[in-house]
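For reference, the chains in residue letters:
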Amino acid sequence: MDINISPMEARARITRRSVLMSVGGLLVGCTPDPQPGTVQLRLATGPAGAVYRRIGGALAAHITEQVPGATVTTVPSGASTDNIRMLRANTVQLGLSSLDAVITTGGTAPDGISAVCRLYDSHLHLVVMAGSAIDEFADLAGKRVSLGAHDSGTEFTSLRALALGPVDADGRNLSQAESAAALRAGEIDAMFSLTGVPTPAITELAQQHPIRLIPLDRQADALVTAYPGPYAPATIPGTAYAGVPATRTVAVPNVLLARNDLSDDLVYAITDTIFTQTITAASRGDAEAIPEAWQINVRTGISTGSIPLHPGAAQWFRDRKR
């Protein structure tokens, strides 16, 4: 990775900042009564069977290991919209979200929240069993369709796509793992999933039973036109799931969000960890590494659309250009 700050310089800078934080009282937004020189942070992830669970766990582990005095624990959630709500309430201090869900109708971030960085892109999956009569998006009319967990990015984006159809489906709110189980059991006819590729719940389903992905190229074009900025046409590769050919769909970036009242120095250190340790773990093939970590890089990391970077993250990106 092309980083102009050497690992030694980065470590020294983080160490100096940790000292400043401990003696200067700069740790804001942490849980009550932390030990001197420490900060306890909570990172909102997602539901069972989601990539958010895996990548959130990896980020929490790396930050805890690499940022002196910081301990990060993960908080399961419905995903994007739920995470934003918890961030605003200070129930958590860090959280994952799809970019479309965090952009307000005015094109800005919700009050009190900013971005640490862009991480990886999610792809909207529309999954049916191989023998399903559903062949295209319009066939969802009247069908039992999982829209993802309540307050998830999947629900947010799939509802937009259905409204643009317009298609009136019988929507159900199920997590990814619940959706896969219900689809396999015939309790629903299709499931949406806005997630990284591959995603655990769909991978497991495809390994056990033949499935199909419904093309969403027209829906991608409609979303790009109606909501300029967070959406882009994309393809789920044919290597992603057993027996499933390449399928056109729409992609949405995912961002790591932080409360604005976290200190600049702390977020600087977190940003440095993401762009060094997480990528290094992926390249080593460590057990906690996940495919989405390969997408984390400095060039795209700064691209958070209309969501401003936290000042600490912005300083890290400026420093690496020196």
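Use the structure listed above.
Computed from a predicted model, the values in this text were never measured in an experiment. (Residues numbered from 1 in each chain as written. Predicted model: local features only at pLDDT ≥ 70, side-chain atom pairs only at ≥ 80, totals over all residues. Heavy atoms only, no water.)

*Asks:* An account of the overall build of the chain is requested, with residue identities and associated values reported.
*Replies:* If you tally the helices and strands in the chain, you get 11 helices and 10 strands. Per-residue burial over the chain gives 53% buried out of 322 residues. In the chain, 76% of the contacts between residues at least 6 apart in sequence involve partners at least 24 apart. Surface accessibility of the chain: about 13200 Å² in total, with carbon and sulfur atoms responsible for 53%. (Helix = DSSP H or I, 4+ residues; strand = E, 2+ residues; numbered from the N terminus. Buried < 20%, exposed > 50% of the residue type's maximum accessible area, 1.4 Å probe, protein only. Contact = heavy atoms within 4.5 Å. Areas by Shrake-Rupley, 256 points an atom, 1.4 Å probe, with all protein chains shown as cover.)

*Asks:* Explain the pairing of strand β7 (residues 190-195) to me, using residue names and the numbers behind them.
*Replies:* Extensive coverage of β7 is indicated by the burial of 6 of its 6 residues. Every second residue of β7 is oriented toward a common face, with Ala-190, Phe-192 and Leu-194 on one face and Met-191, Ser-193 and Thr-195 on the other, all of them buried. Across 5 bridges, the pairing between strand β4 (residues 113-129) and β7 is antiparallel. Among the inter-strand pairings, Val-127 is bridged to a residue of β7, identified as Met-191. Both strand β5 (residues 144-146) and β7 contribute to a ladder of 2 bridges, which runs parallel. Counted as the bridge partner of Ser-146 is Met-191 from β7. (Pairing = 2+ DSSP bridges.)

*Asks:* I'd like to hear about the nonpolar core, residue by residue, with values.
*Replies:* Grouped together as the largest cluster of nonpolar side chains are 34 residues, with contacts concentrated most on Leu-119 and Ile-274. The element best represented in this core is helix α9 (residues 264-284), accounting for 7 residues. Counting residues in each nonpolar core, the second largest holds 22 residues, with Val-145, Leu-162, Ile-214 and Val-252 among its members. (Core = buried A, V, L, I, M, F, W, Y, C linked by side-chain atoms within 4.5 Å.)

*Asks:* I'd like a rundown of the pattern of salt bridges, residues and numbers included.
*Replies:* Taken as a whole and assessed by the stated rule, the structure comprises 7 salt bridges. Here Arg-85 makes a salt bridge to Asp-82, at a shortest N to O gap of 3.8 Å. One end of the pair, Arg-85, and the other, Asp-82, are both in helix α3 (residues 80-88), 3 residues apart, so they sit about a helical turn from each other. Between Arg-118 and Asp-121 there is a salt bridge, and its shortest N-O distance comes to 3.1 Å. (Salt bridge = Lys/Arg side-chain N within 4 Å of Asp/Glu carboxyl O.)

This is a description of form; function is not addressed.
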